[in-house]
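# Structural description and commentary
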Amino acid sequence: MATPSSDITKLVHEPIDPVALAAHVRGNADGAIVIFDGFVRDRSKNRRTLYLEYEAYEPMALAKIQEIAAHLHNQFSIHRVAMVHRLGRLEIGETSVYIAVSAPHRAAAFDACRYAIDTLKRTVPIWKKEYFEDGSVWADGELPPVPSATSAVKPAS
Amino acid sequence: MPSVSQSVRVKVLFFGRLKEIAGLTQDSIDLPAEADIESLFAHYANRYPQLRQYRSSLVASCNQEFTPWTTVLHADDEVAFLPPVSGG
């Protein structure tokens, strides 16, 4: 099994290159790659979207993405992970998040990829602002789970 | 043991609509010793009253980990107030 250090995890401000990421995770011992390609939709709740802007708490967002990738290796029989989120202004149809997971067998790749995007959307500090013809709004989101006060360990400064 | 009168300086970050309400992305502030994140938020809610309505729909982080509002702050901690996340 590959070490997580051969994964690609990053936040980028330029277009995502899906071909390079898929090639990176593909190994000779693999039998499958499952890819999640999330891209900008042209409408939101029946309003026509012009474009989106993403911002992140970048160091924390990257750390959370890396935690997810590490968890995938612990939880699923997979080979490599690529998880990339783009920030800044994105036009309709442009990829905002791209996740590729390779594995010897498809079930693990499907499960890991699904877990990765679901967990990213719930726990990674990234925010999306939607721009319409008549204004803009911060997208509805999810509140990340927070450890309870009794179990929380104060992180080192 | 820090004395009661000693203050601690922490860094505070604002994101999303909080950044727009406060009109700043980061701040540095001296707090009384033993101050927690809840009291830090109360300070900013006094300065920017529009923030108060979002208190129940925020989580806090300290040094880039999600953390309870009762977390007591220490010198050089980096605190952020985080609206519901909407990446993807």
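Throughout what follows, the structure given in this document is the object of discussion.

Parameters and conventions
- Residues numbered from 1 in each chain as written.
- Chains lettered and ligands numbered in written order.
- Predicted model: local features only at pLDDT ≥ 70, side-chain atom pairs only at ≥ 80, totals over all residues.
- Helix = DSSP H or I, 4+ residues; strand = E, 2+ residues; numbered from the N terminus.
- Rg over C-alpha atoms; globule rule 2.2 N^0.38 Å.
- Buried ≥ 20, exposed ≤ 12 C-beta atoms within 10 Å, placed from the backbone.
- Contact = placed C-beta atoms within 7 Å.
- Pairing = 2+ DSSP bridges.
- Axes fitted to C-alpha atoms, helices over the stretch in contact; angles between N-to-C directions.
- Nonpolar A, V, L, I, M, F, W, Y, C, P; charged D, E, K, R; others polar.
- Core = buried A, V, L, I, M, F, W, Y, C linked by C-beta atoms within 7 Å.
- Expected span 1.5 Å × (residues − 1).

In this section: the overall build of chain A. The secondary structure content of chain A amounts to 3 helices and 9 strands. Order of helices (α) and strands (β) in chain A, N terminus to C terminus: β-α-β-β-β-α-β-β-β-α-β-β. Radius of gyration (C-alpha) of chain A: 17 Å, near the 15 Å computed for a compact globule of 157 residues. Referenced to the eigenvectors of the C-alpha coordinate spread, the extents of chain A come out at roughly 50 × 45 × 25 Å. Here chain A holds 157 residues, and the buried ones make up 31% of them. Taking contacts inside chain A between residues at least 6 apart in sequence as the whole, the part at least 24 apart equals 75%.

Time to look at the sheet that holds strand β3 (residues 59-62) of chain B. Residues and elements named next belong to chain B. Taking strand neighbours across the sheet as the criterion, the 5 strands line up as β2-β1-β5-β3-β4 in an open arrangement whose pairing is mixed. Looking at the sheet topology across the chains shown, the edges are occupied by β2 (26-32) and β4 (65-67). For this sheet, the mean inter-axis angle between neighbouring strands, taken without regard to orientation, is 35°. Packed onto the sheet, helix α2 (residues 37-47) meets β1 (7-14), β2, β3, β4 and β5 (78-82) and runs at close to 65° relative to β5.

What follows covers the interface of chain A and chain B. The interface of chain A with chain B comprises 33 residues on the first partner and 27 residues on the second. Those elements that place two or more of their residues in the side of chain A that touches chain B are β4 (47-56), α2 (58-75), β7 (95-103), α3 (106-123) and β8 (126-132) of chain A. Classifying every residue of the side of chain A that touches chain B gives 21 nonpolar, 6 polar and 6 charged.

Moving on: the nonpolar core. Core analysis: the biggest nonpolar cluster contains 55 residues, and M83, I99, V101, A109 and A116 of chain A together with V79 of chain B have the highest contact counts within it. Discounting chain neighbours no more than four positions away, the residues touching V79 of chain B are V10, V12, I37, L40, A60, S61, C62 and L73 of chain B.

For α2 of chain A, spanning 18 residues, the distance from its first C-alpha to its last is 26 Å, which sits close to the expected 26 Å at 1.5 Å a residue. Residues of α2 of chain A that are buried: M60, A61, K64, I65, I68, A69 and L72 of chain A.

All names here are of chain A. Pairing within the open sheet is mixed, and its 4 strands lie in the order β1-β5-β7-β2. What marks the edges here is a single partner per strand, and that holds for β1 (8-12) and β2 (32-39). With strand direction ignored, the average angle separating the axes of adjacent strands in the sheet is 5°. In terms of strand pairing, β1 meets strand β5 (residues 81-86) through 5 bridges, oriented parallel. For K10, the partnering residue across the bridge sits in β5 and is V84. The strands touched by helix α1 (residues 18-25) are β1, β2, β5 and β7; relative to β7, the strand with the most contacts, the crossing angle is about 20°. Docked against the sheet, α2 engages β1, β5 and β7, running at close to 155° with respect to β1.

For the rest of this paragraph, the subject is the pairing of strand β9 (residues 135-138) of chain A. In the sheet, β8 of chain A pairs with β9 of chain A via 4 bridges, with the strands oriented antiparallel. Across the sheet, the residue bridging to F132 of chain A is G135 of chain A, located in β9 of chain A.

Any link to function would need more than the numbers given here.
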